[in-house]
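Observations on the model geometry
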Amino acid sequence: GAGVSQSPSNKVTEKGKDVELRCDPISGHTALYWYRQRLGQGLEFLIYFQGNSAPDKSGLPSDRFSAERTGESVSTLTIQRTQQEDSAVYLCASSYGLAGFSYNEQFFGPGTRLTVL
Amino acid sequence: TQLLEQSPQFLSIQEGENLTVYCNSSSVFSSLQWYRQEPGEGPVLLVTVVTGGEVKKLKRLTFQFGDARKDSSLHITAAQPGDTGLYLCAGLLIKAAGNKLTFGGGTRVLVKP
């Protein structure tokens with residue numbers, strides 16, 4: 001597609017349920033990033049992939065959060081046993097090129113708004 | 001405390017006025033980016049600055065990277081309602097791996113007609 005797409009756009013779930021969020025990066029982009037954005041705030045880094053490996057998982061808030069990527073394509077972010085504090089917009093971004101280049105532009109998707117009741 | 005502090009957090013001005021948003025840190029960045037985000041959308045890159053002291057202009061927007069590469073500012077001249085949005089600065093730390101950006105908390109700008 002022309003840009004990064006994410007699904008679903010909105011997800012409402014009950015506390016304790018598992019959710020899976022999907023990101024389709026721009027074709028050919030080797031790097032993929034997940035961020036969390038709480039209401040009215042900046043972006044909090046969660047994890048990034050280079051290809052299908054995840055060199056940096058340092059931003060994942062707890063072991064309830066996990067992510068995987070298939071080849072250099074789709075990524076899913078899974079949150080198990082959701083809690084109310086998980087409510088936020090989850091943004092995905094992709095960029096072209098290898099790690100270490102300081103000004104590769106990241107292209108963002110529209111995000112998934114997660115609400116945990 | 002965030003690594004990148006943005007100020008102010010919120011700015012409301014009338015159309016035609018000027019505004020400046022600041023992004024400050026005690027850490028040194030190899031590059032710094034500014035994004036604008038509109039409701040329901042992801043951030044969109046406005047500019048990347050990589051050299052200390054660099055000034056870049058994009059129509060009515062002027063971006064400056066501090067000499068020590070620890071701070072940056074965004075200045076908008078004669079603001080228009082279309083400039084309304086959340087402005088985010090994001091920096092790449094010197095030793096950051098994988099193009100991992102550190103984001104500021106954002107400045108919400110409202111330009112009233």
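Everything discussed here concerns the structure shown above.
What counts as what
- Residues numbered from 1 in each chain as written.
- Chains lettered and ligands numbered in written order.
- Predicted model: local features only at pLDDT ≥ 70, side-chain atom pairs only at ≥ 80, totals over all residues.
- Heavy atoms only, no water.
- Contact = heavy atoms within 4.5 Å.
- Buried area = accessible area lost by both parts, 1.4 Å probe.
- Salt bridge = Lys/Arg side-chain N within 4 Å of Asp/Glu carboxyl O.
- Polar contact = N/O pair within 3.5 Å; in protein donor to acceptor, adjacent residues only side chain to side chain.
- Helix = DSSP H or I, 4+ residues; strand = E, 2+ residues; numbered from the N terminus.
- Nonpolar A, V, L, I, M, F, W, Y, C, P; charged D, E, K, R; others polar.
- Buried < 20%, exposed > 50% of the residue type's maximum accessible area, 1.4 Å probe, protein only.
- Pairing = 2+ DSSP bridges.
- Disulfide = S-S within 2.5 Å.

1. Some points on the interface of chain B and chain A
Taken together, the 24 residues of chain B in the interface contact 24 residues of chain A. Buried area between chain B and chain A, both sides added, is near 1700 Å², and the carbon and sulfur share of it is 52%. Our enumeration of links across chain B and chain A arrives at 0 salt bridges. At the boundary of chain B and chain A, one finds 3 residue pairs in polar contact (both at pLDDT 80 or more). Breaking the side of chain B that touches chain A down by element, the ones donating at least two residues are strand S4 (29-37), strand S5 (44-49) and strand S9 (85-93) of chain B. It is S4 of chain B that contributes the most residues to the side of chain B that touches chain A, 5 residues altogether. When the residues that make up the side of chain B that touches chain A are grouped by side-chain class, the tally is 10 nonpolar, 11 polar and 3 charged.

2. Some remarks on the pairing of strand S9 (residues 88-95) of chain A
Residue and element names in this part refer to chain A. Burial within S9 is extensive, with 8 of its 8 residues counted as buried. Across the two faces of S9 the burial is the same, with Ala-88, Tyr-90, Cys-92 and Ser-94 and Val-89, Leu-91, Ala-93 and Ser-95 all buried. As defined by bridge partners, strand S4 (residues 31-37) adjoins S9 across 7 bridges and the pair is classed as antiparallel. Residue pairing in the sheet places Arg-36 in a bridge with Tyr-90 of S9. Across 2 bridges, S9 lies against strand S10 (residues 107-108) in antiparallel orientation. By the bridge assignment, Ala-93 is partnered in S10 with Phe-108.

3. Structural notes on the state of the cysteines
Two cysteines whose sulfur atoms are joined by a covalent bond form what is called a disulfide. Summed over all chains, the structure comprises 2 disulfides over all chains. Here Cys-23 of chain A pairs with Cys-92 of chain A through a disulfide, and the sulfurs are 1.9 Å apart. Its torsion about the S-S bond being -65 degrees, the disulfide of Cys-23 of chain A and Cys-92 of chain A is classed as left-handed. Of this pair, Cys-23 of chain A sits in strand S3 (residues 19-24) while Cys-92 of chain A sits in strand S9, placing them 69 residues apart in sequence. The exposure class assigned to Cys-23 of chain A is buried, which follows from its relative accessible area of 0%. Here Cys-23 of chain B is linked by a disulfide to Cys-89 of chain B, with a sulfur-sulfur distance of 2.0 Å. Residues Cys-23 of chain B and Cys-89 of chain B share a disulfide whose torsion about the S-S bond is about 75 degrees; that sign makes it right-handed.

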